[in-house]
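Survey of secondary and tertiary structure
Next come the chains, spelled out residue by residue.
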Amino acid sequence: MLDFLDPALSIFRAHPGIYFAFATIIGLMIGSFLNVAIYRLPKMMEHEWIRNCRELQQDAAAGDVPPPAKYNLVVPRSACPACGHNIAAWENIPIVSYLLLRGKCSACKTPISIRYPLVEALTGLLAGVIAWQFGVTGIALAAMIFAFALVALTFIDFDTHLLPDDITLPLLWIGIIVNMNNGFTDLQSSVIGAMAGYLILWSIYWLFKIVTGKEGMGYGDFKLLAAIGAWFGWQLLPAVLLLSSIVGSVIGIGLIVLAKHGREMPIPFGPYLALGGIAALFWGTQLSRLYLA
Ligand SMILES: [Zn+2]
C-alpha cells in the first residue's frame, strides 16, 4: 500500500543520520503547527460554547447575532496578537525566524514569547529521539503522533486548565488501533488500560470530592490517563501515576513555597500525566520490570 515510500525508507535505513535529521526537521515544523493549535483550540472551544448558548437563547436574540468569522487551525492566517501584522512565510520558520527577528514582531517590535521556539525545539527533539529509539518503523510514526499530542495537551492545560476532547479522545482510539497488531502491548491490555486509566482517576476524584468537598482535577485528566492506558496497557498505569504524582507534588510544593501560586489555586495535572506518558513511551519495559520486581 505504501510502496511509493520504499525508496525514502531504504535511504533512511542505510543512513540513520539522514533519518534522524529528517525526523527532527519534520518535528520542528509540526512544533510550529502545535503552537497554532495550542493558541487556537481553546479559543475554538470557547466559540463553540458561546454558539451553543446562543442557540439555546435563540428566540431572545433571533437574527441579531452576526455569524462569527471563520476561525480554525488553518484560517485566519497567523498574525501578531499585538498589531495584527500578518506573519510572512520567512517569519514562520521554526526557531530560525525567532532568531532572525531577535524575538520581536517585525512590524510593531512587541516581544514574541520565547515559548514559541521552545515548543518547536521540544517537538523537534522528541521526533529525533523517537526516530533514534524506534528506528525506521511504523511504531516510530505512532510514537511521534503520541508525543505531538502530549506536547499540545501539556501547554493547553498550562494556559487554560483544559484538555480538549478533540485531542484526548482520538489519542485513545489511535492507541487501541496501534495495539491491534501488538504495537506497544497486546490488545487486551490496551482495552483494559483505557478503562482502568479512566476509572482510577474518576474514583480518586470522587473520593477527594466526598472527603474534602473540592474538585481536585478535571474529566480531561481521566481521559488523558485512559489514552495512556490504551497506548501502553494497564500494567504501566501505576508507574505513570506514581511518577506524575511525585513530579507534580514536588513542583506544586515548590510553587507554593515560592508564593507564586496560592495554596487554593488549582495546579493542572495534565502536564505531569503527559510527562508520565512520555516516560512510559521511552522506558516502558524498564518501568514495568521495576514495578514487577
Ligand atoms: Zn506586531
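What counts and how
- Residues numbered from 1 in each chain as written.
- Predicted model: local features only at pLDDT ≥ 70, side-chain atom pairs only at ≥ 80, totals over all residues.
- Heavy atoms only, no water.
- Helix = DSSP H or I, 4+ residues; strand = E, 2+ residues; numbered from the N terminus.
- Buried < 20%, exposed > 50% of the residue type's maximum accessible area, 1.4 Å probe, protein only.
- Donors = N, O, S within 2.8 Å, 3.2 Å for Na, K, Ca; no water.
- Tetrahedral: all angles 85-135°; square planar, octahedral: opposite > 155°, others 65-115°.
- Contact = heavy atoms within 4.5 Å.

**Considering unusual backbone geometry**
- Note the cis peptide between Val75 and Pro76, where omega equals -10°.
- The topology assignment puts Pro76 in the loop between α2 (16–56) and α3 (96–100).
- Phi at Ile95 takes a positive value of approximately 60°, unusual for a residue other than glycine.
- Checked against the element boundaries, Ile95 lands in the loop between α2 and α3.
- For Ile95, a relative accessible area of 27% translates into the label partly exposed.

**Concerning the coordination of the zinc ion**
- Here the zinc ion is held by the protein donor atoms Cys80 (SG), Cys83 (SG), Cys105 (SG) and Cys108 (SG), which lie 2.3 Å from it.
- Geometry at the zinc ion is tetrahedral, judged from its 4 donor atoms and the angles of 105 to 115° they form at the metal.
- Judged by its relative accessible area of 10%, Cys80 falls in the buried class.

**Side note on the environment of Ala140**
- For Ala140, the position within the fold is in helix α5 (residues 138–160).
- According to the relative accessible area criterion, Ala140 is buried, its value standing at 0%.
- Ala140 sits 69 residues away from Tyr71 along the chain, and the two C-alpha atoms are 32 Å apart.

**Quick notes on the side chain of Thr123**
- Position of Thr123 relative to the elements: it lies in helix α4 (residues 115–134).
- Judged by its relative accessible area of 0%, Thr123 is buried.
- Residues within four places of Thr123 in sequence aside, it is in contact with Gly27, Ile30, Gly31, Leu34, Phe148 and Val151.

**Some details on the environment of Val191**
- By the secondary structure assignment, Val191 is in helix α7 (residues 187–212).
- Remark: the alpha-carbon pair of Val191 and Leu28, spanning 163 residues in sequence, is separated by 32 Å.

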